[in-house]
Amino acid sequence: MDLVPALEEPLKKVLGPATAKVMAEHLGLHTVGDLLHHYPRRYAERGELTRLADLPLEEHVTVVAQVATARILKFNGGRGQRLEVTITDGSGELQLVFFGRGIHKPHKDLLPGTRAMFAGKASVFNRKMQLAHPAYQLLNAESSDEAAEAVGSWAGALLPIYPATAKLESWKIAKAVDLVLPSAREAEDPLPESLREGRGLAPLPEALLKIHRPQTKDDVAGARDRLKWDEAFVLQVALARRRFAETQLTAVPRVPKPDGLLTAFDAKLPFTLTDGQQKVSKEIFDDLATEHPMHRLLQGEVGSGKTMVALRAMLAVVDAGGQAAMLAPTEVLAQQHHRSITEMMGELAQGGMLGGAEHATKVVLLTGSMGMAARRQALLDLATAEAGVVIGTHALIEDKVQFDDLGLVVVDEQHRFGVEQRDALRSKGKQPPHLLVMTATPIPRTVAMTVFGDLETSVLDQLPAGRSPIASHVVPAADKPHFLARAWERVREEVSNGHQAYVVCPRIGDDEDEKPKKGAAKKQSAEDEAEKRPPLAVLDVAEELARGPLQGLKVEVLHGRMQPDDKDAVMRRFAAGETDVLVATTVIEVGVNVPNATAMVIMDADRFGVSQLHQLRGRVGRGSAAGLCLLVTEMPEAAPARARLGAVAATLDGFELSRIDLEQRREGDVLGQAQSGVRSSLRMLAVIEDEEIIAEAREEATKVVSADPELKSLPALRVALDALLDEEREQYLDKG
């Protein structure tokens, strides 16, 4: 009978079914190895008090502090009573509240002067930070036996504080770790010995012991360095193997004819390409000329001219006898790309038609809502190579769609596509086609190395001539209602100057599912009230504006639940200048190009992420007139969400904003959920701070993989790789 390796032992065998169930459901921990890799978030020192001043709101927190006061108060005409305890740590105070029958034990335990660890969810009540019914463990040696034992084991050492949940406090996790810690000695080391010794990194068993039970701060620092390297290196090996596998595939080199379609297109351009566009085009053309499939990520600010670069690449492939497909995330965007590309190409897009130019090709659109006849014609044009360029939505991926010779796939707005879809389109080529992925969400270099590590990266950071600056301001509607009135006046001013405006709302409205659940209203802080209020809705806001501050202007709505034809009609009217103000959801976030729109008001702006606000803002100032973006919020000045809006208003640099966005997000969002819906594997590595480690790990990983692609000489690394790449992540990387 095979013995299960110590680290693969299920937790229910070691900790018992009840604790193991909570760990699996709430923390995603199933095996001894999972628990050993659930590292402390921070450490409290005996004698050193945790800063209460820095507690994050609405999070499960563990603090070490001293009781200052404790008193029982009566309420409800004397029928109810509550215990209020104030704890302090020198940096601030925190109120603990216990109700009803639950007050007797804490009243006995929590006497002034008592030190303890407290765990609970930090919330605000009557503008004061509080923990309601926190769990606690006394740290006074003379109290109960359990606490004496706790102090004994912690005396002089650092107290690990674990990421915890309401169902499982930090100290209970610490006790569970104590039970599995001996198994750490059997952990197999994934780092090649030469790499570990060359960089002076501790062996894995030692790092695991020291991260959980450090004696000194140096223990923690050494263990962290080592564990960060593990994460960075194993992930980079996975990506290096993907890149290596790609180099083993063959593709048809696509070199444009000297005086063909591309030359004719360039000759009719009314402007010259920016230096950035020329540099990136050269990188792409060099890739297209090789016998291996191009794998390139093109990132550039909204309006930096990515579509022009992609179109020239598509025309180069058509010139070389192949076909090119552009995949857009929505019908509105596919239609818009089709319109703008056929306009830019003019008679060069009229292949096979009267008036078509000598080198012309056909540019077809393929979407789900097309009529039967148009669809049949488009499919025929693709199968017979009559059409060199096709622009479409997911409809391109269906089995019925056959290409004569697919040479290039361009994917617009990468983050909106499942990996399977990209893969399905790539499988339509006789040989693997070249792949160009575009995104207008600026991605810091290290994130690109981590999330898109199997793609080479090109960056367009220059805006074409003629783009105007965008002024951005936060409008605090709760503190200063007259600011909001002024915002609507500014919109009227823009319209009277012949321009147009967007108003963006987080929600559509009119839908039962969207309405907030009814519940007992509690006394709330301003921040709570702003949070709990349902987000503003397009249909309500449009009606209010048309009746009130924007009366007399032509106001229309646009949202995702409208029929495709209706959406397109609304967009056409707006693009033609027939509509003054478009009230919309984030459907306008990607690709809507109306140079005459100069103002944008984003309602409940705090409900959007930093990069989403930046994307939305990029829809204005696309012509010669300056742009204006107003971020409306009900959040009080002290709220973290207000700081985020301030950051967006302060800079137009998308890369700077993406750094801020990452620094503010919880660890784990960057990789996992953003890309594959799977819990992230990054526990120790901070993608922004650890830029150097990631870059070095990428280099080392490339060396290791090119010397031994199957990792035959590194069995422990293979095991670590299998653990990182559970099936879903493996597929995600595979299809990258």
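Residues numbered from 1 in each chain as written. Predicted model: local features only at pLDDT ≥ 70, side-chain atom pairs only at ≥ 80, totals over all residues. Heavy atoms only, no water.

**Some words on the packing of aromatic side chains**
Argument step 1. Tallying each qualifying case throughout the model produces four aromatic pairs.
Argument step 2. Here Phe-98 and Tyr-136 contribute two aromatic rings whose centre-to-centre distance is 6.4 Å and whose plane-to-plane angle is 85°, an arrangement assigned as edge-to-face. With Phe-98 in strand S4 (residues 93-99) and Tyr-136 in strand S7 (residues 135-138), the pair connects residues that are 38 residues apart, well separated along the chain.
Argument step 3. Judged by its relative accessible area of 3%, Phe-98 falls in the buried class.
Argument step 4. Here Phe-118 and Tyr-136 contribute two aromatic rings whose centre-to-centre distance is 6.4 Å and whose plane-to-plane angle is 45°, an arrangement assigned as tilted. Of this pair, Phe-118 sits in strand S5 (residues 115-125) while Tyr-136 is found in strand S7, placing the two residues 18 residues apart along the sequence. An identical accessibility class is assigned to Phe-118 and Tyr-136; each is buried.
Argument step 5. Members of the aromatic cluster, joined through ring pairs, are Phe-98, Phe-118 and Tyr-136. (Phe/Tyr/Trp six-rings, centres within 6.5 Å; stacked < 30°, edge-to-face > 60°. Helix = DSSP H or I, 4+ residues; strand = E, 2+ residues; numbered from the N terminus. Buried < 20%, exposed > 50% of the residue type's maximum accessible area, 1.4 Å probe, protein only.)

**Some words on helix H11 (residues 275-288)**
Argument step 1. For H11, which comprises 14 residues, the first-to-last C-alpha distance of 20 Å matches the rise-based estimate of 20 Å (1.5 Å per residue) to within 8%.
Argument step 2. Taken together, the buried positions of H11 are occupied by Gly-276, Gln-277, Val-280, Ser-281, Ile-284, Asp-287 and Leu-288. Each buried residue of H11 lies within a common arc of 125° when the element is viewed along its axis, so the set occupies one face. H11 presents Asp-275 and Lys-282 as exposed residues on the side facing more than 90 degrees away from its buried surface.
Argument step 3. Turning to H11, the residues buried within the fold contact strand S9 (295-300), helix H12 (306-319), strand S13 (406-412), strand S14 (434-439) and strand S15 (456-460). (Expected span 1.5 Å × (residues − 1). Arc of directions from axis to C-beta. Contact = heavy atoms within 4.5 Å.)

**So, the confidence of the model for the chain**
Argument step 1. For the chain, the average pLDDT comes to 82, and 83% of its residues sit at 70 or higher.
Argument step 2. Across residues 512-523, confidence stays below pLDDT 50; counting only partners more than four residues off in sequence or on other chains, it has eight contacts. (pLDDT = per-residue confidence, 0-100.)

**A word on the sheet that holds strand S20 (residues 597-602)**
Strand-to-strand pairing in sheets goes through backbone hydrogen bonds, with the strands running parallel or antiparallel.
Argument step 1. The strand order S16-S21-S20-S17-S19-S18 describes an open sheet built from six strands, whose pairing is parallel. Sheet topology places strand S16 (470-476) and strand S18 (555-558) at the edges, where each strand pairs with a single neighbour. Neighbour to neighbour, the strand axes of the sheet diverge by 20° on average, direction disregarded.
Argument step 2. Alignment of S18 against strand S19 (residues 581-584), held across four bridges, turns out to be parallel. Of the residues in S19, the one forming a bridge with Val-555 is Val-581. (Pairing = 2+ DSSP bridges. Axes fitted to C-alpha atoms, helices over the stretch in contact; angles between N-to-C directions.)

**Some points on the pattern of salt bridges**
Argument step 1. All told, the structure shown has 32 salt bridges when counted by the stated rule.
Argument step 2. For the salt bridge of Glu-696 with Arg-199, the shortest nitrogen-to-oxygen distance reads 2.6 Å. A residue pair is termed long-range when its members are at least 10 positions apart, and Glu-696 in helix H25 (residues 691-707) and Arg-199 in the loop between helix H7 (193-198) and helix H8 (204-212) qualify at 497 residues.
Argument step 3. Note on Glu-696: relative accessible area 28%, which makes it partly exposed. (Salt bridge = Lys/Arg side-chain N within 4 Å of Asp/Glu carboxyl O.)

**Let's talk about unusual backbone geometry**
Argument step 1. One non-glycine residue with positive phi stands out, namely His-133, at about 45°.
Argument step 2. Looking at the element boundaries, His-133 is found in the loop between strand S6 (128-132) and S7.
Argument step 3. In this structure His-133 comes out as partly exposed when scored by relative accessible area, which is 41%.
Argument step 4. A positive phi angle is found at Leu-711, which is not glycine, with a value near 55°.
Argument step 5. Positionally, Leu-711 belongs in the loop between H25 and helix H26 (715-724).
Argument step 6. Residue classification places Leu-711 among the buried residues on the basis of a relative accessible area of 0%.

**Quick word on the sheet that holds S15**
Argument step 1. In space, the seven strands of this open sheet follow the order S11-S12-S10-S13-S14-S9-S15, with parallel pairing throughout. Because the sheet does not close on itself, it has two edges, and the strands there are strand S11 (362-366) and S15. Direction aside, neighbouring strands of the sheet carry axes that sit 20° apart on average.
Argument step 2. Strand direction decides the pairing type here: S9 and S15, joined by five bridges, are parallel. Bridging across to S15, Leu-297 finds its partner in Thr-457.

**Quick word on the side chain of Ser-458**
Argument step 1. Positionally, Ser-458 belongs in strand S15.
Argument step 2. Side-chain polar atoms of Ser-458 contact the side chain of Arg-296, separated by 2.9 Å.
Argument step 3. Contact partners of Ser-458, with chain neighbours within four places excluded, come to Val-280, Glu-283, Arg-296, Leu-297, Leu-298 and Gln-299. (Polar contact = N/O pair within 3.5 Å; in protein donor to acceptor, adjacent residues only side chain to side chain.)

**As for the nonpolar core**
Argument step 1. By size, the foremost hydrophobic cluster in this structure holds 38 residues, and its most contacted members are Phe-265, Ile-284, Met-345, Leu-408, Val-410 and Leu-436.
Argument step 2. The greatest single-element share of this core, amounting to 10 residues, is contributed by H12.
Argument step 3. Once residues lying within four places of it in the same chain are set aside, the contact partners of Val-410 are Ala-310, Met-314, Ala-325, Met-326, Leu-327, Leu-436 and Met-438.
Argument step 4. Counting residues in each nonpolar core, the second largest holds 33 residues, with Leu-11, Leu-36, Ala-187 and Ala-223 among its members. (Core = buried A, V, L, I, M, F, W, Y, C linked by side-chain atoms within 4.5 Å.)

**A closer look at the environment of Ala-119**
Argument step 1. Its location among the elements puts Ala-119 in strand S5.
Argument step 2. We classify Ala-119 as buried; its relative accessible area is 4%.
Argument step 3. The spatial distance from the C-alpha of Ala-119 to the C-alpha of His-133 is 9.0 Å, given a sequence separation of 14 residues.
Argument step 4. Excluding residues that lie within four positions of it along the chain, Ala-119 makes contacts with Val-61, Thr-62, Leu-131, Pro-134, Ala-135, Glu-169 and Trp-171.

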